[in-house]
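# Reading the structure
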Amino acid sequence: MQKSALPEVSGAGAYRGLAARERELLDVPYVHVVFTLPHALLPLCYRNATQLYTWLFQASAAALREVAANPRHLGAEIGILSILHTWGQTLVRHPHVHCVVPAGGLSPDHQYWIRSKCAGFFLPITVLSRVFRGKFVAALRRAYVRGDLDLAGATERLRDPAQWHTFVDALFETDWIVYAKPAFGGASAVLRYLGRYTHRVAISNHRLIAFDGERVTFRWKDYAHGNQWRTMTLTAMEFLRRFVQHILPRGFVRIRQCGYLASTCRTARLALARRLLRRPAPPSMTSSTPPAWHCPRCGAPTVLGPIISRLQLIVVTLGFDTS
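On a predicted model such as this, the values are computed, not experimentally measured, just so you know. (Residues numbered from 1 in each chain as written. Predicted model: local features only at pLDDT ≥ 70, side-chain atom pairs only at ≥ 80, totals over all residues. Heavy atoms only, no water.)

### Some thoughts on the overall build of the protein
When you go through the protein residue by residue, the secondary structure sums to nine helices and ten strands. Looking at the 323 residues of the protein, the share that counts as buried comes to 42%. Within the protein, counting contacts between residues at least 6 apart in sequence, those at least 24 apart form 67% of the total. (Helix = DSSP H or I, 4+ residues; strand = E, 2+ residues; numbered from the N terminus. Buried < 20%, exposed > 50% of the residue type's maximum accessible area, 1.4 Å probe, protein only. Contact = heavy atoms within 4.5 Å.)

### Quick look at the sheet that holds strand β8 (residues 215-222)
On the basis of which strands lie adjacent, the open sheet formed by three strands has the order β7-β8-β9 and antiparallel pairing. On the outer flanks of this sheet lie β7 (208-211) and β9 (228-235), each paired with one strand and no other. The mean angle between the axes of side-by-side strands here comes to 25 degrees, regardless of whether they run parallel or antiparallel. Summarising the sheet, β8 and β9 pair through eight bridges and their orientation is antiparallel. (Pairing = 2+ DSSP bridges. Axes fitted to C-alpha atoms, helices over the stretch in contact; angles between N-to-C directions.)

### Quick look at the side chain of Ser82
Considering the arrangement of structural elements, one finds Ser82 in strand β2 (residues 79-87). Not counting the four nearest positions on each side in its chain, Ser82 is found in contact with Phe57, His98, Cys99, Arg254, Ile255 and Arg256.

### Some details on the pairing of β2
Burial runs high along β2: nine of the nine residues are buried. Of the strand pairs in this sheet, β2 and strand β10 (residues 255-259) are connected by five bridges, and their pairing is antiparallel. Paired with Ile80 across the bridge in β10 is Cys258. Examined bridge by bridge, β2 and strand β3 (residues 93-102) share six bridges and lie antiparallel to one another. The residue of β3 that forms the bridge with Ile83 is His98.

So this is what it looks like as structure tokens:
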């Protein structure tokens, strides 16, 4: 019997979760894409966390699936595992989702597995960013029209429609951050990643350095300056304030799956994917040349000629007998 590749994790629940994910992994490379909410939306998170975090899940997954389904990019149905994190290294609010995605997907007719067209490249980040932004802002606007947003405190001014529209328009002035990390590689690398990220809390014990009864000192990684480790000291009250804002609303699910990994079709789609991965793809799926159209009568392939204008067509056909 093959030994499990599961990394060591603490807690029975964490182990069961990883065991379930291990059974769902495919023998393909995986990519890691991170979608982050802009800082302008942070004031809305304090009273509308459930909605904004839900839209973050939905908009990021919808952007991935829409761009992946486009034949210009991949032309496939993909599966996505999304993990919500709400914190930065210094415990400030920093909502983002980590998306773990197999680098390929099912063909539209479910007859083939389509692999990424270029090694090391999955989907265009700029396109993902703009589609993600558009879908999230659309959900935000619908909620405002329905009166579903709690606009109080720092966001009370947004009750005024003019200020609301100015606020929303400003969200389109910059590209939203979508970051594609290097590909994981195979299933074992994915499991190591999931073991670290799926059950992580805002700060782990090994980063805590000291507590003198009034102040807490901890380590944090400065990503903006070469990933250097630094220390920060906060009052106990400020440390707790920062920590508790990452406690999710009751019942909120922070790990979700969609596409062919959705619970409604996961078992059947994964079985199909494994069968297709054992089958060689046709030439049209392994090259960048589009498949030829064949004549239904003689079976000959189409021959693409030059594109000519209406005037050129008149000149070329002048004198033809069309009777």
